[in-house]
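Here are the chains, one letter per residue:
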Protein chains: 2
Amino acid sequence: MATVRLIEIKEDILSDNRNLADEIRITLQRHKVFLLNLMASPGGGKTSLILKTISGMKDAFNIGVIEGDIDSMVDAEKVVKEGVPAVQLKTGGFCHLEASMVDMALKEMDLESLNLIIIENIGNLVCPAEFDTGAVKNVMILSVPEGDDKPLKYPLMFSICDVLIVNKIDYLSIADFDMNAVKERVLKLNPGIKIFEVSCKTGEGIEAWIQWLTDEINCYVKKDC
Amino acid sequence: MATVRLIEIKEDILSDNRNLADEIRITLQRHKVFLLNLMASPGGGKTSLILKTISGMKDAFNIGVIEGDIDSMVDAEKVVKEGVPAVQLKTGGFCHLEASMVDMALKEMDLESLNLIIIENIGNLVCPAEFDTGAVKNVMILSVPEGDDKPLKYPLMFSICDVLIVNKIDYLSIADFDMNAVKERVLKLNPGIKIFEVSCKTGEGIEAWIQWLTDEINCYVKKDC
């Protein structure tokens, strides 16, 4: 009697990925390197937030950046101009970064000399939410022009993040964006999430974000918490 | 001086995939199993061609099927009804099969008892063309209602296949489909390609396809060529 055997590929791949992500966290803990995974839609402000973060923190910490892009190096070049070493991962079509890709990038970086590595993940709100990169904290940006319905449409992304940064608050006066509705929707999905309202353009709110990240790194690296 | 290091992920992945595909070919050659990779658009007639092929060849050969699907098992169930063992690969979103996935499926099959394994790849004309599955021969279906411009739009797929099956020729009388133009476009991309015109519905042309496949398997398995 002929039968069907079923193999669920995605579950196998996700489970292998989680194991490698755990290994990355152990390695980075040994080197006292804090890995931050930054996710957002295209144009949400990932590179702008990274540049603001570098500028506000580079005197206190040695920072490196892993740039994920489908096919370009422009973001990495902007980061390097700020004096920060970058590894560019060109995925050639893949719409997320996996732990194995982050692992490749880390092998090109001098972990002894770094305190903070920021991953700029591929710009979308779907696949990056499914793949653990090995980061200590996951941060996402929602920008005001994208609309306040995004937590309803992409619940997984809002559920797995430790921090939500609502960017482009300088648009609030002209955008049809209900900040309270966003907070209510997000906190329902993820009661422990930390929310910052910022404008990378005007600089408003950036200080609070940098203070939070500084405290987290001190807690992780220097056990000062 | 800060610098950017560049890592091309897709090239690395494709090269790892090719190496594994070569290993699969060596293993299958040892077991005298002929692996056929069948590709087409959704609805092009992959399952119908597999069912016709099983029905025409099952007296002479022991056949198994690897069914690739994003999220369903209906094709595998149809195949099993014909008395042929099947492994269902549910990719959970991935739009192509890679050698590693085929390798998982082969581990679930009794290679000693089989002469021919047919892979029904995921239905699209883009990604499956890039990933070597370890097959001995790559076959694609173009169905008449899809139009005669497809070789212009998906040149890679038409370039890497050993066989093009033009299916649904029973639609030729009502479709705006120039068979000579298709042949000319395809042979320009791939002068060595073998072309069969068939209708899985009426059975027209199926015999010639089955004769070709029988000869190829005898050549491969029994060295009778």
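Each remark here, short or long, concerns the structure printed above.
The model shown is predicted, which means the values in this text are computed figures rather than measured ones.

So what's going on with the interface of chain B and chain A? Which residues, and what values?
A common measure of how large an interface is: the accessible area buried when the components associate. Chain B puts 31 residues into the contact, and the matching count from chain A is 31 residues. Between chain B and chain A, a total of about 2800 Å² is buried, with carbon and sulfur atoms accounting for 71% of that surface. Remark: the boundary between chain B and chain A carries four salt bridges. The partner of B:Glu108 in a salt bridge is A:Arg5, with the nearest N and O atoms 2.6 Å apart. Going through the elements one at a time, strand S1 (4–8), helix H1 (9–30), helix H3 (74–81), strand S4 (86–90) and helix H4 (99–107) of chain B are the ones with two or more residues in the side of chain B that touches chain A. Of the residues that constitute the side of chain B that touches chain A, the class distribution is 19 nonpolar, five polar and seven charged. Of the pairings in the sheet, the one linking strand S4 (residues 86–90) of chain A to S1(B) comprises five bridges and is parallel in character.

If you had to explain H4(B) to someone new, which residues and values would you point to?
Note on helix geometry: an α-helix contains 3.6 residues per turn, so any two residues three or four positions apart are oriented the same way. Among the residues of H4(B), B:Ala99, B:Met101, B:Val102, B:Ala105 and B:Leu106 are the ones counted as buried. One side of H4(B) holds all its buried residues, which, seen down the axis, span an arc of 160°.

Got a sec to walk through the pairing of strand S6 (residues 137–143) of chain B? Specific residues and values, please.
All names here are of chain B. Among the seven residues that make up S6, six are buried, leaving the element largely enclosed by the rest of the structure. When S6 meets strand S7 (residues 163–167), the two strands line up parallel, connected through five bridges. Pairing of Val139 across the sheet is with Val163, part of S7.

What counts, and where the lines are drawn
Residues numbered from 1 in each chain as written. Chains lettered and ligands numbered in written order. Predicted model: local features only at pLDDT ≥ 70, side-chain atom pairs only at ≥ 80, totals over all residues. Heavy atoms only, no water. Contact = heavy atoms within 4.5 Å. Buried area = accessible area lost by both parts, 1.4 Å probe. Salt bridge = Lys/Arg side-chain N within 4 Å of Asp/Glu carboxyl O. Helix = DSSP H or I, 4+ residues; strand = E, 2+ residues; numbered from the N terminus. Nonpolar A, V, L, I, M, F, W, Y, C, P; charged D, E, K, R; others polar. Pairing = 2+ DSSP bridges. Buried < 20%, exposed > 50% of the residue type's maximum accessible area, 1.4 Å probe, protein only. Arc of directions from axis to C-beta.

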